[in-house]
Amino acid sequence: HIMRLIFERGNFTPEATSLMAMVFFYYSLSLLFFGGLRLLSFYLFARNDAVLFLRLALMQYALNVLFDLLYVGVLGAGAAGIPLGMLTALTLTLASAIYRNAGGFREALDRTFGIFLSKNLAATGLAALTVCGLASWLETPRTGTGNFLFLCAVCAAGSVAFFAMLAATRAVPISKISALWESPENSSSL
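Every chain is numbered on its own, with residues counted from 1 as its sequence reads. Local features in this predicted model are restricted to residues whose pLDDT is 70 or higher, and side-chain atom pairs enter the listing and the counts only when it is 80 or higher, whereas totals over whole chains, interfaces and linings include all residues. Note that water and hydrogens are dropped before the side-chain values are worked out from all heavy atoms of the structure.

Visitor: An account of the environment of Leu-126 is requested, with residue identities and associated values reported.
Guide: Runs of E in the DSSP output that reach at least two residues are strands. Runs of H or I that reach at least four are helices, and both are numbered from the N terminus. Looking at the secondary structure, you find Leu-126 in helix 7 (residues 111-137). Considered as a pair, Leu-126 and Phe-163 are 37 residues apart in the sequence and their alpha carbons are 9.9 Å apart.

Right, here's the structure in full:
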């Protein structure tokens, strides 16, 4: 629906839009690993460990090129090959960094962080189920305006489910969530 709303203008045909949606789906699979590697990068910069960061960045880049060539050139995966190459490279780089305990990263991942992470993953899962359930229950819109309203409703429901789960699991206190809607001068507690 997002691809139709954004790309089906001008020269984009429904087939081209479907191809873009497939490519973006494959890219979305790597978001969790990208987030983990990004978190590790911030951690390494906070520790002033630029050499290790550079080594990880070079490893990730080299693996990305290698797997892009493998998926697209050798295996003929087409448009899905590049995001699959990125997913594979990110996964291997992050797994290698965690296995080798890059910068003592495992010690920073204590029990409190693990609990917070599991609560966020549960909230994300509930949001995804809400979005998928609502998207399958609602009729597919046929106009650009209908598509926009559909996306607003589905995304709003997913956001409400996400924040409700964060509040229910006490990952984030309700007072902190409600402070997001206060004026800036009243929200100094964030």
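Still more to cover.
Visitor: Requested: an account of a nonpolar patch on the surface, with residues and values cited.
Guide: Every patch collects residues that have over 30% relative accessible area and no salt bridge, joining them within 9 Å if they carry like charges and within 5 Å if they are nonpolar side chains (Val, Leu, Ile, Met, Phe, Trp, Tyr). For the area figures, the Shrake-Rupley method with a 1.4 Å probe applies, and any residue is considered shielded solely by the protein chains shown. Throughout this description, the term salt bridge denotes a Lys or Arg side-chain nitrogen within 4 Å of a carboxyl oxygen of Asp or Glu. Together, Leu-32, Leu-117 and Leu-121 make up an exposed nonpolar region whose accessible area comes to about 300 Å². Counting through the fold element by element, Leu-117 comes out in helix 7. Under the scheme applied here, a residue whose accessible area is under 20% of the maximum for its type counts as buried, over 50% as exposed, and between as partly exposed, the area being computed with a 1.4 Å probe on protein chains only. On the accessibility criterion, Leu-117 (41% relative accessible area) is partly exposed.

Visitor: Got a sec to walk through helix 3 (residues 31-46)? Specific residues and values, please.
Guide: Multiplying one less than the number of residues by 1.5 Å gives the expected span of a helix. Taking 1.5 Å per residue as the helical rise, helix 3 with its 16 residues ought to reach 22 Å, and the 22 Å between its terminal C-alpha atoms agrees with that figure. Along helix 3, the positions that sit buried rather than exposed are Gly-36, Leu-37, Leu-40, Ser-41 and Leu-44. Within helix 3, the buried residues cover an arc of 140° as seen down the axis, which keeps them to one side. Set apart from the buried face of helix 3 by more than 90 degrees, the exposed residues are Leu-31, Leu-32, Phe-42 and Ala-46. Close packing links the buried residues of helix 3 with helix 4 (50-74), helix 5 (81-99) and helix 6 (105-108). Throughout, the arc means the angular range of directions from the helix axis out to the C-beta atoms. What makes two residues a contact is simply this: any of their non-hydrogen atoms within 4.5 Å.

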